[in-house]
Amino acid sequence: MEEGYVKCRRENKISTIEFFHPLSNSMPGVLLKELSQNIREESESDSAVIVLKSAGDKAFCAGASFNELISIKSEEEGMKFFSGFAEVINAMRSCKKFIIVRIQGKCVGGGVGIAAAADYVIALSNADIKLSELALGIGPFVIGPVVERKTGVAAYSELAIDAACWRTAQWAKEKGLFNDLCETTEQLDDSIKKLTTTLSQYNPEAMSAMKEVFWEGTDHWNELLQKRAAISGRLVLSEATRIAIEKFRNKI
């Protein structure tokens, strides 16, 4: 439990993948690997739709694990870690099922990337977002393509450059990152249930074909995101980045 988990259950043609980490649902490499594996497995399952969620009632995902970032000693290690986020995004992108993401709290960094890689997002109205990577000395290189695809260049640039500023869930909805907002957890879960129950009754082949259409033009992302991971893997070794990460980590 202290190291977090990723688990999956199937019920009524709906797969629910849940991840958890005690540090605000941050993502160390092992959880990123398990998450991408679960998504790929459910892509081939008999389920009609996938719900992706995190546990708890606070942060949806705080992004990369600071403890793991500070422990990286080489460019190879850095690229391997950031490739974990690339694998999650590519697993979501290439998944044959619609992925509905439930967001109950704040999204930071890679958490915003997961939201952007969703096919549909339902969030609480207080689920603010932030891309803090530039403030850490890295930059949102790996998740950049998927965030830009969802929000457009202007909104992505705004998030990436003003790395210390939170944007509201309403801002995220206006920019296309979130689809629906709910005021309470009960309303959030009810909206998720209604949508997924409806989707579970649709033709799976039709939904799979629609998903291919939605993600047209991204077939090169396997290579692109690996190149972006290499950039982050190099930058994370700089002295300025290590100082910035330590400052952030001490605030947790």
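To start, this report covers the structure provided alongside it. (Residues numbered from 1 in each chain as written. Predicted model: local features only at pLDDT ≥ 70, side-chain atom pairs only at ≥ 80, totals over all residues. Heavy atoms only, no water.)

Another point: the pairing of strand β4 (residues 98-103). With six of six residues buried, β4 is to be regarded as a mostly interior element. Burial along β4 is two-sided: the face carrying Phe98, Ile100 and Arg102 and the face carrying Ile99, Val101 and Ile103 are both buried. Sheet topology note: the strand β3 (residues 49-54)/β4 ladder contains four bridges and is parallel. If you follow Leu52 over to β4, its bridge partner there is Val101. As defined by bridge partners, β4 adjoins strand β6 (residues 120-124) across four bridges and the pair is classed as parallel. Bridge pairing links Arg102 to Ile122 in β6. (Buried < 20%, exposed > 50% of the residue type's maximum accessible area, 1.4 Å probe, protein only. Helix = DSSP H or I, 4+ residues; strand = E, 2+ residues; numbered from the N terminus. Pairing = 2+ DSSP bridges.)

End to end, helix α10 (residues 221-235) covers 21 Å across 15 residues, agreeing with the expected 21 Å (1.5 Å per residue, within 8%). Buried within α10 we find Trp221, Leu225, Ala229, Ser232 and Gly233. For α10, the arc enclosing every buried residue in end-on projection is 110°, short of the 170-degree limit, so these residues lie on one face. In this fold, the buried residues of α10 make contact with α3 (75-94) and α5 (144-151). (Expected span 1.5 Å × (residues − 1). Arc of directions from axis to C-beta. Contact = heavy atoms within 4.5 Å.)

Looking now at the state of the cysteines. As enumerated under the stated definition, the model contains zero disulfides in all. Unpaired in terms of disulfides, Cys107 finds its nearest cysteine sulfur in Cys61, a separation of 7.4 Å. The structure places no disulfide on Cys182, whose sulfur is separated from the nearest cysteine sulfur, that of Cys107, by 14 Å. Of the residues examined, Cys182 reaches a relative accessible area of 7% and is grouped as buried. (Disulfide = S-S within 2.5 Å.)

One open sheet accounts for six strands, arranged β1-β2-β3-β4-β6-β8; its pairing is mixed. Looking at which strands have only one partner, the edges of the open sheet turn out to be β1 (5-11) and β8 (180-182). With direction set aside, neighbouring strand axes in the sheet form an average angle of 20°. As paired strands, strand β2 (residues 14-20) and β3 are joined by six bridges and run parallel to one another. Residue Thr16 lies in a different strand from β3, and its bridge partner there is Val51. (Axes fitted to C-alpha atoms, helices over the stretch in contact; angles between N-to-C directions.)

Moving on: the pairing of β6. The buried fraction of β6 amounts to four of the five residues, a majority that puts the element mostly inside the structure. For β6 and β8, the ladder comprises three bridges, and the chain directions are parallel. Among the inter-strand pairings, Ile122 is bridged to a residue of β8, identified as Asp180.

So, on to the side chain of Glu133. You can see Glu133 is positioned in the loop between β7 (129-130) and α5. Of the side chains with opposite charge, Lys130 comes closest to the buried, unpaired Glu133, at an N-O distance of 9.4 Å. (Lys, Arg positive; Asp, Glu negative; His and termini not counted. Salt bridge = Lys/Arg side-chain N within 4 Å of Asp/Glu carboxyl O.)

All right, on to the packing of α3 against α10 then. Here α3 crosses α10 at 145°, and the two axes come no closer than 7 Å. Remark: the crossing between α3 and α10 carries right-handed chirality. The residues of α10 that touch α3, namely those facing Glu75, Gly78, Met79, Phe82, Ser83, Ala86, Glu87, Ile89, Asn90 and Arg93, are Trp221, Asn222, Leu225, Gln226, Ala229, Ala230, Ser232, Gly233 and Arg234. Looking at the contact of α3 with α10 residue by residue, the class counts come to eight nonpolar, seven polar and four charged. (Left-handed = near helix turned anticlockwise from the far one by under 90°. Nonpolar A, V, L, I, M, F, W, Y, C, P; charged D, E, K, R; others polar.)

Coordinates in, geometry out; function isn't part of it.
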